[in-house]
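# Descriptive structure summary
Single-letter residue listing:
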Amino acid sequence: MEPPAAPGPERLFDSHRFPTDGFLLLALLLYAPVGLCLLVLRVFIGVHVFLVSCALPDSVVRRFIVRVMCSVLGLLVRQSDPRLRGAGARVFIANHVTPFDHNVVSLLTSCNTPALSSAPGFICWSRGFMELGVTGSRAELVDSLREYSAHEGNPPLLLFPEEAATNGRAGLLRFSSWPFSILDVVQPVALQVRRPLVAVSVADSSWIAELLWTFFVPFTVYQVRWMPSVPRQADERSEDFALRVQELLAMELGVVSTRITAADRTEHMKRLRHTSRLPFAPASSQRPAARPRVPPSLPGGAPEDVRVVAMAQQVKEVLPHVPLEVIRTDLVQTNCVDTTIANLLEGRVPFFPESKEAGDLPAPSTSQAAAASGIQGSVAAPSSKPATKQFAKSPVERHLSLQERKRALYDYARRRFAEKHGAARAGGSP
């Protein structure tokens, strides 16, 4: 039996809060008035929970009282195998799902999570992070955490080696090795979060927005599973130690251990934001005017192959100088005509242009010209590519020139697309 394929970034992170199922969306709309009332009520209760947690010292009584009050806020915390909790380990290693994972674990046992990305101050302290005052490299952070762990009176550390939150359904991000350089024994903690109606967490959403959505939904269930402590093997590097613990956590959660890093997640979100601002119309690009012909290499091909071929033909019509095989390869990854066109225009996908020049392309027919004129008005001929400007001396002028050329390429591709499919619709109408 072959191992499951590693999921891509689009499966590890949710970019949309609301469900796509029509029935769930209707249920969310019906629940919205109740959710808004709960949101207002829970905001006032949450202030009291914060004051109580600040007034009481860290103890079993405080954790019990705050846990009961959090259940009123809709945060239900469950744990399995509590006897394994803190069994000879002073470093907890957990997967990251929401901005409040460290707060949930601290309701079950005393632990501290160092602030890595939050600015020091009142907000950082109020969110439950530990300020170390280290602003240098990871090596300085590791040395500071080693010194902290050397004192037996300090609570254990709770660390998230993924360094970014995922949806917790498909896979784990690649673990960073620095948390495994502190001590030779760590204890994995598996976190699973579920809630009705909306996504558990959305990429690039602020912690305040996630807190308000937590108050809005009826409940959010955190399942904490304590696993046995894992010691470092003899002569085992920190990278190998991290990979071994990552595999154990992935097996416990029933997900895939991926090699996608937090930096890859950042690039993926930048790409999503870029494609959402493209000037192409997704509706027209996803509906080809005519059924494409399947090439002989795909006789009676599967529906997925036919769909990729159809989208490849659309991209080829807009960018005729790009090899068809390059277009197909990128479409398999993006599954979107607009994204592939943007990748080719922006230079993200390297390719060698075909020898056929733009001037050798067949001239548009009369019907195509009429359709294009009806859509775009009086524009330049579609085969007239943007002219190359001279190299500017000033960096500001060079930047502006680059932006103008990119905009000209977008306009040129959009004109070709509108002329081709506008003419096809005009020719197919009675």
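Let us look at the overall build of the chain. The helix and strand inventory of the chain stands at 15 helices and 10 strands. The buried share of the chain, taken over its 430 residues, is 41%.

Across the 7 residues of strand 8 (residues 220-226), 6 count as buried, placing the element largely inside the fold. Of the strand pairs in this sheet, strand 1 (residues 75-80) and strand 8 are connected by 6 bridges, and their pairing is parallel. When the sheet's bridge partners are listed, V77 is paired in strand 8 with Y222.

Right, let's get into the pattern of salt bridges. Applying the stated criterion to the full structure yields 11 salt bridges. For D58, the salt bridge identified is with R62, shortest N-O distance 3.9 Å. D184 is the partner of R232 in a salt bridge, and the nearest nitrogen-oxygen pair spans 3.0 Å. With a gap of 48 residues between them, R232 in the loop between strand 9 (230-231) and helix 8 (238-253) and D184 in the loop between strand 6 (171-172) and strand 7 (185-194) connect regions that are remote in the sequence. Within this structure, D58, R62 and R63 form a network of salt bridges that share partners.

In this model, the chain carries a mean pLDDT of 78, and residues with pLDDT of at least 70 account for 74%. Within the model, pLDDT remains below 50 along residues 279-302, and this stretch shows 34 contacts once partners closer than five positions in the same chain are excluded. This model gives residues 356-389 a pLDDT under 50, and the stretch forms 32 contacts once residues within four places in sequence are excluded.

Between its terminal C-alpha atoms helix 6 (residues 138-150) stretches 18 Å, which fits the 18 Å expected from 13 residues at 1.5 Å a residue. Those residues of helix 6 lying buried are L141, V142, S144, L145, Y148 and S149. Projected onto a plane normal to the axis of helix 6, the buried residues spread over an arc of 165° and lie on a single side. Facing away from the buried side of helix 6 by over 90 degrees, the exposed positions are E147 and A150. Contact partners of the buried residues in helix 6: strand 3 (113-114), strand 4 (129-130) and strand 5 (157-159).

A positive phi angle, close to 75°, is found at L197, a residue other than glycine. Residue placement: L197 occurs in the loop between strand 7 and helix 7 (207-216). Despite not being glycine, D235 shows a phi value in the positive range, around 60°. Examined against the element boundaries, D235 turns out to sit in the loop between strand 9 and helix 8. Since its relative accessible area comes to 82%, D235 is described here as exposed.

Okay, the side chain of H96 next. With respect to the secondary-structure elements, H96 resides in the loop between strand 2 (91-94) and helix 4 (101-106). Overall, the relative accessible area of 17% leaves H96 in the buried class. Among the polar contacts made by the side chain of H96, one reaches the side chain of D101 at a distance of 2.8 Å. Residue contacts for H96: discarding those within four places in its chain leaves D101, F160, E162, A164, A165 and T166.

Okay, helix 13 (residues 337-346) next. In an α-helix, one turn spans 3.6 residues, which is why side chains three or four residues apart end up on the same side. The element helix 13 is largely enclosed, with a buried count of 9 among its 10 residues. Looking one or two residues beyond helix 13, the residue adopting positive phi is G347, at roughly 85°.

Before going further, it helps to spend a moment on the packing of aromatic side chains. As enumerated under the stated definition, the model contains 9 aromatic pairs in all. A ring pair is formed by F18 and W213, whose centres lie 5.7 Å apart and whose planes are at 75°; its orientation type is edge-to-face. Of the two residues, F18 sits in the loop between helix 1 (9-12) and helix 2 (22-55) while W213 sits in helix 7, which places them 195 residues apart along the sequence. Among the residues examined, W213 registers a relative accessible area of 21% and is labelled partly exposed. Where Y31 meets F216, the ring centres are 5.5 Å apart and the plane angle is 80°; that geometry is what we call edge-to-face. Of this pair, Y31 sits in helix 2 while F216 sits in helix 7, and the two are 185 residues apart along the sequence. Just as Y31 is buried, F216 falls in that class too. The rings of F18, Y31, W213 and F216 are connected pair by pair, giving a single aromatic cluster.

On to the nonpolar core. Ranked by internal contacts, the top residues of the largest apolar core, which has 26 residues, are L158, V189, L191, V224 and W226. Residue assignment for this core shows that the elements contributing at least two residues are helix 2, helix 3 (60-72), strand 1, strand 2, helix 4, strand 7 and strand 8. Counting residues in each nonpolar core, the second largest holds 25 residues, with V91, I93, L157 and F175 among its members.

Moving on: the packing of helix 2 against helix 3. Between helix 2 and helix 3, whose axes approach to 10 Å, the crossing angle comes to 175°. Taken together, the axes of helix 2 and helix 3 lie roughly antiparallel to each other. Contacts between helix 2 and helix 3 involve R42, I45, H48, V49, V52 and S53 on the former and, on the latter, R62, I65, V66, M69, C70 and V72. Split into classes, the residues belonging to the contact of helix 2 with helix 3 amount to 8 nonpolar, 2 polar and 2 charged.

Together, V40, V43, F44, I208 and L212 line one region of the surface with nonpolar side chains, adding up to about 450 Å² of accessible area. For the nonpolar patch, the secondary structure elements donating two or more residues are helix 2 and helix 7. Ranked by residue count, the leading element in the nonpolar patch is helix 2, at 3 residues. Relative to the helices and strands, F44 resides in helix 2.

About the cut-offs
- Residues numbered from 1 in each chain as written.
- Predicted model: local features only at pLDDT ≥ 70, side-chain atom pairs only at ≥ 80, totals over all residues.
- Heavy atoms only, no water.
- Helix = DSSP H or I, 4+ residues; strand = E, 2+ residues; numbered from the N terminus.
- Buried < 20%, exposed > 50% of the residue type's maximum accessible area, 1.4 Å probe, protein only.
- Pairing = 2+ DSSP bridges.
- Salt bridge = Lys/Arg side-chain N within 4 Å of Asp/Glu carboxyl O.
- pLDDT = per-residue confidence, 0-100.
- Contact = heavy atoms within 4.5 Å.
- Expected span 1.5 Å × (residues − 1).
- Arc of directions from axis to C-beta.
- Polar contact = N/O pair within 3.5 Å; in protein donor to acceptor, adjacent residues only side chain to side chain.
- Phe/Tyr/Trp six-rings, centres within 6.5 Å; stacked < 30°, edge-to-face > 60°.
- Core = buried A, V, L, I, M, F, W, Y, C linked by side-chain atoms within 4.5 Å.
- Axes fitted to C-alpha atoms, helices over the stretch in contact; angles between N-to-C directions.
- Parallel < 35°, antiparallel > 145°, perpendicular 65-115°, else oblique.
- Nonpolar A, V, L, I, M, F, W, Y, C, P; charged D, E, K, R; others polar.
- Patch = residues over 30% accessible without salt bridge, like charges linked within 9 Å, V, L, I, M, F, W, Y side chains within 5 Å.
- Areas by Shrake-Rupley, 256 points an atom, 1.4 Å probe, with all protein chains shown as cover.

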